[in-house]
Amino acid sequence: MALNVEEMSIFCKKKGFVFQSAEIYGGLSGFFDYGPLGVELKNNLKQSWYKYIITNRPNVVAQDGSIITNPKVWKASGHLDNFADLVLTTKKTKTKIRADHFIEEKLKISAEGLKAIDINKLVKENNLTYNGEDFEEVKDFNLMFSTHVGPAADSSNVAYLRPETCQSIFPNFKLIAEVCRQKLPFGIGQIGKAFRNEISPRDFLFRQREFEQMELEFFTHPEETTCVDLVNKHKQLKFQFFSAKAQDANSDAVEMASISELLEKGLLSEWHAYWLAEMYFWYVEELGIKKENIRVREHTKKELSHYSSATFDIDYKFPFGFKEVMGIADRGQYDLQQHMKHSSQKLELFDDASGKSVVPRVIEPSQGLDRLFLAILFEAYEDDKERGNIVLHLNQKLSPYYCAIFPLVKNKPELLAKAEEIYDSLRKKFPCYFDVSGSVGRRYARADEIGVRYCITVDFESLEDNAVTLRDRETTDQERISLEKLQARLFELR
Ligand code: ATP
């Protein structure tokens, strides 16, 4: 990784991964369209998450909630009252800036969790201005997009685009537990769009106004503090750790820590530790992200969200610094209790062992899909000077294409027909494409640039020996392989 985020956005556009939304009209800040290759990569990331979180576990099921729902949900969840960032407005031109980011950039301190009173004080003490303009008092700005449901447009029918996918799981939790006959502990996962009217969208896909989340709400018995699934393998797991203590002391010291050590210090519960370890494991083992490029960051007490008693982020080392790509929060009983209060419905489950109804506690691993997509691209990108082209070292299960089929020349009909026949049979089994334009070297380079793992070249000899050349993106090694064995070999390598 050597390129910055602006260069990455240009690369993504050039290769068909991501474009500005409606670019011909100048785009719209904070909105992006995924192109053909972006859709493939994003779908592969979703599938990886879905398999890891839902398909592979007997006690996790899925739901697909609506984007707009009864606004009472957002009153109960606390979003209507609390889901806000602080905004600084300049006195003359009324320019609006996100206050914590501005403070961080100007004063080089962490502004996570600062209150309005702290920001006003810092602005005054340091005579902070923007383009020579003074600021008004800092104000709260609610990040939810609002709309109207039905033909009238007045305060009686205001509704909101969801700012997180997970919230619609809580009102459904009892219904789903009952219809799926789930007992505690169990989880409900969901993938979908979320919307936040961010004050200043920036860093390409990192901070958008429309994005996608993959979230799991995992419900546990409130008195069950032991997680039997927190196996030794997980307890020994070591990672770079940025503690709340270090952050409170304004230090950027990152230490190596293990799950056992965090548990011994009482920083989190066993179930919370289990999901932190599971998600870290997914990053490293399934997605192939290098350990040195991720760290676990503990939220400081003053920055914790209104619903959380403890949160740990997984941060990725972007060119613009280590930044959150996922958050794993202990939401306790907050959401279910709030929905019980506001709906007057009992969101409890009957526990056979104690013969009592209980309100479960909740652990939430919340993954932003677009930030992960961006991290995966930075992780994979290499400007390979020796080869003279860019190589995307994507995990082959995530690559938009697993293989590509090249006839050596396009003006020999028998050769073209043979290559097309191979393409027809392979594309039903693997994501692949057909390319006839330019030299084979040029075609290899183009394939490397979009992360294709194997290139299959059909040459003059193929007409005689019924074999093709299989070239591996990672090593550039080539092997000659007969057509009878090709499919089996590709399955074996997958
Ligand atoms: P930040 O502090 O960076 O605004 P957050 O802590 O508010 O993020 P969460 O509410 O924990 O984020 O959301 C869970 C995940 O959703 C994040 O880890 C991130 O991957 C993703 N996400 C949140 N906001 C955005 C956004 N504006 N654009 C893209 N992804 C986002």
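Residues numbered from 1 in each chain as written. Predicted model: local features only at pLDDT ≥ 70, side-chain atom pairs only at ≥ 80, totals over all residues. Heavy atoms only, no water.

What to know about the sheet that holds strand E22 (residues 432–434)
Note the threshold: When DSSP finds at least two bridges between two strands, those strands are taken to pair. Helix and strand definitions here come from DSSP, where helices need a minimum of 4 consecutive H or I residues and strands a minimum of 2 consecutive E residues; each element is numbered from the N-terminal end. Here an angle of 0 to 180 degrees is reported between the N-to-C directions of two axes, which are lines fitted to C-alpha atoms, with helices fitted over the stretch in contact. By the convention used here, residues are in contact when the closest approach between their heavy atoms is within 4.5 Å.
Judged by pairing direction, the sheet is mixed, and its five strands sit side by side in the order E22-E21-E23-E24-E25 without closing on themselves. Strands with a single pairing partner mark the edges of an open sheet, and in this sheet they are E22 and strand E25 (478–482). Within this sheet the neighbouring strands show an average axis-to-axis angle of 25°, counted without direction. Bridge count between strand E21 (residues 403–407) and E22: three bridges; the pairing is parallel. Bridge pairing in E22 places Cys403 opposite Cys432. Packed on one face of the sheet, helix H15 (residues 440–449) meets E21, E22, strand E23 (454–458), strand E24 (467–472) and E25 and runs near 165° to E21. Set on the sheet, helix H17 (residues 483–493) makes contact with E21, E23, E24 and E25; between it and E25 the angle comes to about 125°.

Re the pairing of strand E11 (residues 238–242)
Stated formally: Burial classes: relative accessible area under 20% of the type maximum marks a residue as buried, over 50% as exposed, and values in between as partly exposed (1.4 Å probe, protein chains only).
The element E11 is largely enclosed, with a buried count of four among its five residues. With two bridges connecting them, E11 and strand E13 (residues 294–298) associate as parallel partners. Among the inter-strand pairings, Phe242 is bridged to a residue of E13, identified as Arg297.

With respect to the packing of aromatic side chains
What counts is decided by this rule: When the centres of two rings from Phe, Tyr and Trp lie within 6.5 Å, Trp using its six-membered ring, the rings pair. Their planes under 30 degrees apart give stacked, over 60 give edge-to-face, and anything left gives tilted. Distance and angle both matter: a charge sits over a ring if NZ of Lys or CZ of Arg is within 6 Å of the ring centre and within 35 degrees of the ring normal.
Tallying each qualifying case throughout the model produces 31 aromatic pairs. Judged by centre distance (5.2 Å) and plane angle (90°), the ring pair of Phe11 and Tyr381 falls under edge-to-face. With a gap of 370 residues between them, Phe11 in helix H1 (residues 5–15) and Tyr381 in strand E19 (residues 381–384) connect regions that are remote in the sequence. Residue classification places Phe11 among the buried positions, given a relative accessible area of 6%. Tyr381 sits in the buried class, given a relative accessible area of 11%. Aromatic rings pair up to connect Phe11, Phe17, Tyr34, Phe373 and Tyr381 into one cluster. Here the basic side chain of Lys233 rests over the ring of Phe281, its NZ or CZ set 4.7 Å away from the ring centre. Cation over ring: Arg371 sits above Phe206, and NZ or CZ is 3.7 Å from the ring centre.

Observations concerning the domain arrangement of the chain
One frequently used descriptor of interface size is the decrease in accessible area upon assembly of the parts. Where we set the bar: Each domain's extent is set by a domain assignment, obtained either automatically or from a database.
As assigned here, the chain comprises domain 1 (5–81 + 145–380), domain 2 (84–142) and domain 3 (401–493). Of note, the centres of domain 2 and domain 3, computed from C-alpha atoms alone, are 57 Å apart.

Quick word on the sheet that holds strand E9 (residues 186–195)
Ordered by their spatial adjacency, nine strands build an open sheet running E3-E9-E10-E18-E15-E14-E13-E11-E12, and the pairing between neighbours is mixed. Here the strands that pair on one side only, and so sit at the sheet edges, are strand E3 (60–62) and strand E12 (255–258). Across the sheet, the mean angle separating the axes of adjacent strands is 30° when strand polarity is ignored. As paired strands, E3 and E9 are joined by three bridges and run parallel to one another. In the sheet register, Ala62 faces E9, and the bridge partner there is Gly189. Most of the contacts of helix H7 (residues 169–179) go to E9, to which it runs at about 145°, and overall it touches E3, E9, strand E10 (210–220), strand E15 (321–332) and strand E18 (361–368).

Notes on the site of the ligand
Using the following cut-off: Each residue is tested against the molecule or strand, and it is near if at least one of its non-hydrogen atoms lies within 4 Å. Methods summary: accessible areas were calculated by the Shrake-Rupley approach with a probe of 1.4 Å, and residue burial reflects only the protein chains presented.
Not every one of the 15 residues close to the ligand is listed here, only the nearest: Glu198, Arg207, Gln208, Glu324 and Val325. Out of a free accessible area of 590 Å², the ligand has 85% covered by protein chains. Elements with a minimum of two residues in the shell around the ligand: E10, E15 and E18. If one sorts the elements of the shell around the ligand by residue count, E15 sits on top with four residues.

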